[in-house]
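Now for the letters of each chain:
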Amino acid sequence: MAPPLPTTPAAPASADPRRLLATLESLDFVRRDAAGQYSLGLRMLQLGIAARHSFNFLDLAEPFLVSLNETTGENANLAVAFDAEHFTYVRQLMSRHPIRHASWAGKLMPLRDSANGAALCGRTGPEGFVLTRKTVEPDVCAVAAPSFDAAGVIIASISVTGP
């Protein structure tokens, strides 16, 4: 379950956060539980599903992620750049090992000092991939490679993370 939303969302200084939340709640973008905590509503789920269908590379990447996961036994990840400083995991297949790296799907991660970040920024070696050790997490290694669209533009990175 998603963590509760803060009760003071970013809004213009003249906006009343309670009124904004009431509007979002009436439109099913957020919902409020019995304790008064807000979380994402069904409209957000609909938006997420619609967004998922607009990214056809997710379907194209799936067989490669499955193959990486089955071959290595470790987490296989698909990441996309979020902005000039961050990326996010849009798909993760988890390791079968009892001790494994946590799922970070949807979490913003820094492009700097990460294998996925380097791959998304085109900073790969002559082999076309990046290997990092103990950069984002002290006990995690990662290998990442960029994924290109038909025009040769990097649109995602595919990686494996493990101990």
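Residues numbered from 1 in each chain as written. Predicted model: local features only at pLDDT ≥ 70, side-chain atom pairs only at ≥ 80, totals over all residues. Heavy atoms only, no water.

Our focus in this paragraph is the pattern of salt bridges. Going through the model one piece at a time under the given rule, you end up with 3 salt bridges. Between glutamate 25 and arginine 32 there is a salt bridge, with its nearest N and O atoms 3.1 Å apart. Looking at glutamate 25, the relative accessible area reads 25%, which means it is partly exposed. (Salt bridge = Lys/Arg side-chain N within 4 Å of Asp/Glu carboxyl O. Buried < 20%, exposed > 50% of the residue type's maximum accessible area, 1.4 Å probe, protein only.)

Another point: helix 3 (residues 57-72). Here helix 3 is 16 residues long and its end C-alpha atoms lie 22 Å apart, about the 22 Å a rise of 1.5 Å per residue gives. Those residues of helix 3 that fall on the buried side of the exposure criterion are Phe57, Leu58, Ala61, Leu65 and Asn69. Looking at the residues trailing helix 3, positive phi occurs at glycine 73, about 75°. (Helix = DSSP H or I, 4+ residues; strand = E, 2+ residues; numbered from the N terminus. Expected span 1.5 Å × (residues − 1).)

This brings us to the sheet that holds strand 7 (residues 141-148). Sheet architecture is open: 6 strands sit in the order 5-4-3-8-7-6, paired in antiparallel fashion. Edge positions in the sheet fall to strand 5 (108-110) and strand 6 (130-133), since each of these pairs with one other strand and no more. The average angle at which neighbouring strand axes cross in this sheet is 35°, direction not considered. Relative to strand 8 (residues 154-162), strand 3 (residues 75-81) runs antiparallel, the two sharing 5 bridges. Within strand 8, the position partnered with asparagine 75 by the bridge is threonine 161. On top of the sheet, helix 3 reaches strand 3, strand 4 (86-93) and strand 8; it is set at about 145° to strand 3, its chief contact. (Pairing = 2+ DSSP bridges. Axes fitted to C-alpha atoms, helices over the stretch in contact; angles between N-to-C directions. Contact = heavy atoms within 4.5 Å.)

With respect to the helices and strands, arginine 43 occurs in helix 2 (residues 42-54). Take arginine 43: its relative accessible area is 38%, and that puts it in the partly exposed class. Sequence separation between arginine 43 and leucine 27 is 16 residues, and the spatial gap between their C-alpha atoms is 7.5 Å. Residues in contact with arginine 43, not counting those within four places in the same chain, are Leu27, Asp28 and Phe29.

Another point: the confidence of the model for the protein. With 81% of its residues at a pLDDT of 70 or more, the protein shows a mean pLDDT of 81. Taken element by element, the protein is modelled with least confidence in helix 2, mean pLDDT 72, and with most confidence in helix 4 (residues 115-120), mean pLDDT 94. (pLDDT = per-residue confidence, 0-100.)

Turning next to the environment of arginine 133. Within the secondary structure, arginine 133 sits in strand 6. A relative accessible area of 60% means that arginine 133 is categorised as exposed. Not counting chain neighbours up to four residues away, the residues in contact with arginine 133 comprise Val140 and Cys141.

Moving on to the packing of aromatic side chains. Aromatic rings in a pair are described by how distant their centres are and how their planes are angled relative to each other. Counted according to the given criterion, the structure contains 1 aromatic pair. Pairing phenylalanine 87 with tyrosine 89 gives two aromatic rings, centres 5.4 Å apart and planes at 80°, and the pair type is edge-to-face. Look at phenylalanine 87 and you get buried, because its relative accessible area is 1%. (Phe/Tyr/Trp six-rings, centres within 6.5 Å; stacked < 30°, edge-to-face > 60°.)

With that settled, consider the pairing of strand 3. Within a regular strand, the side chains alternate between the two sheet faces. Of all 7 residues making up strand 3, 6 are buried, and the element is well covered by its neighbours. Bridge count between strand 3 and strand 4: 6 bridges; the pairing is antiparallel. Among the inter-strand pairings, alanine 81 is bridged to a residue of strand 4, identified as phenylalanine 87.

Here the focus is a nonpolar patch on the surface. A surface patch of nonpolar side chains, about 250 Å² in accessible area, is lined by Leu40, Met44 and Leu47. If you trace the backbone, leucine 40 turns up in strand 2 (residues 38-40). Classification of leucine 40 as partly exposed rests on a relative accessible area of 39%. (Patch = residues over 30% accessible without salt bridge, like charges linked within 9 Å, V, L, I, M, F, W, Y side chains within 5 Å. Areas by Shrake-Rupley, 256 points an atom, 1.4 Å probe, with all protein chains shown as cover.)

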